[in-house]
Amino acid sequence: MKADFILYANQLLTCSPGGSIRRGQAMSDVGLIEGGAVAVADGKVVAVGTASEIDLQYSSEIKLSYGVIMPSLVDAHTHPVFAGSRVDEYIMKANGATYMEILENGGGILSTVRATRRTGTDELLELALSRLDRMLSHGTSLIEAKSGYGLSVDEELRHLRLLKRLKELHPMEIISTFLGAHAVPEEYKGKREDYVSLVCDEMLPRIASENLADFVDVFCEEGAFSLDETARIIEAAKKFGLPSRIHAEQFNSLGGALMSAKMGAFSCDHLLMLSLSDIEELARLDTVCIFLPGSEFFLNIRDYGPARSAIDKGVPVAIATDFNAGSCLSESLPVAMSIAVLQMQFLPEEAIISATVNAAASLGRADVAGSIEKGRSADFLCIDCDDYRQWLYHFGVNMTAAVFKKGTVVYEASKVRRFIASDN
């Protein structure tokens, strides 16, 4: 049989079976095939196996070889639509200022809201496109992208429409999340109830009527939104068919993660302060717990949270970048995965499943993304190394050789042009 092309790898990581969340020991099975190969036709995987098995079944004029091939990555928590720089806060954090101290003094999220509101849509679009380019270059081909730097009806709609436009312009697959409950904007200071009502009664109906979001998210935290406010927003979103995600237990243990999970949330994210009792209950639920090690690194927080305990107890765990304007200015999911291994005691295999199968499951995409299997979209990350463990071990260096989306090369590493030594 003919294939459009065949890819060969020293190591092929299929991460199969996909289709559902992984827990416990199942998170350490990456479906490794030494000397593996994948045959692709019409943008789909038509066969997976050893090179000799594939060569017996398929032929192609195009045959490519890479060190490691695995599913392209899924980044299930990003904030790519914003303008402005918070480099001054970076220096403040280096001098010991906390995230909440910066927020209380008018910085943080509210600083980015001011800058983003002042920026035209075309400029915001170009900024976001550049960020998606960088994500793609590090091996990510599916992201969850949040609004949340608008915090008014018109601005939140503008940002979600911009995400819709990005889907048309960029090969990155984008799942959109409405995060109007990111912070209480300055014009609603002292009027929290009015702002929550605006989110529930005006923003959500408009967003639903234009089909602009796949999820709703809430920042449930002291200084942000309370448990009661979070529950109200989640319930309001349900009326419009919008499932929930949540920022929870980042700085304080309020119980938002478990509450939202019991309300059917697809994910609860951050989770530094997640309690052991909550972990035990979350292990009985299907909500994916997403840890964001790059954020903790960037905020200079020394405790990266109880991810190891969560995995050992059977909680489905994922890793994401939390790429955003102020608390994690990094588009590299592999960097977050390396930090998880070095600082959070993830096995490399667990980090890989966390950024593929489980991340896809947290977005309701486990049936189509996160693994290399017959019939699935040909979405691959090809890595310039011979052993997949080297990839995360070689920290902070982009080892991506190529990224395929639906069978098309959407990123290929440029080659360094070296000078030729002269005999003279």
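Residues numbered from 1 in each chain as written. Predicted model: local features only at pLDDT ≥ 70, side-chain atom pairs only at ≥ 80, totals over all residues. Heavy atoms only, no water.

## Section: the sheet that holds strand β3 (residues 44–50)
Then, in step 1: On the basis of which strands lie adjacent, the open sheet formed by seven strands has the order β3-β2-β1-β4-β13-β14-β15 and mixed pairing. Every other strand in the sheet has two partners, leaving β3 and β15 (408–412) as the edge strands with one partner each. Each strand axis lies, on average, 35° off the axis of its neighbour in the sheet, ignoring direction.
Then, in step 2: The pairing of strand β1 (residues 5–13) with strand β2 (residues 32–41) spans eight bridges and is classified as antiparallel. The residue of β2 that forms the bridge with Ala9 is Gly36. (Pairing = 2+ DSSP bridges. Helix = DSSP H or I, 4+ residues; strand = E, 2+ residues; numbered from the N terminus. Axes fitted to C-alpha atoms, helices over the stretch in contact; angles between N-to-C directions.)

## Considerations on the pairing of strand β11 (residues 288–291)
Then, in step 1: Burial along β11 is two-sided: the face carrying Val288 and Ile290 and the face carrying Cys289 and Phe291 are both buried.
Then, in step 2: Inspection of the sheet shows strand β10 (residues 267–270) paired to β11 by three bridges, in the parallel sense. Counted as the bridge partner of Asp269 is Ile290 from β11.
Then, in step 3: Following the backbone out of β10, through helix α10 (residues 276–282) and into the adjacent parallel β11, one traces a crossover that is right-handed.
Then, in step 4: Sheet topology note: the β11/strand β12 (residues 317–319) ladder contains three bridges and is parallel. Bridging across to β12, Cys289 finds its partner in Val317. (Buried < 20%, exposed > 50% of the residue type's maximum accessible area, 1.4 Å probe, protein only. Right-handed = clockwise from strand over helix to strand, strands pointing away.)

## Some points on the side chain of Thr116
Then, in step 1: On the secondary structure map, Thr116 appears in helix α4 (residues 109–117).
Then, in step 2: For Thr116, a relative accessible area of 0% puts it in the buried group.
Then, in step 3: Ignoring sequence-local partners within four residues, the contact set of Thr116 consists of Phe82, Ala83, Leu124, Tyr149, Glu155, Arg158 and His159. (Contact = heavy atoms within 4.5 Å.)

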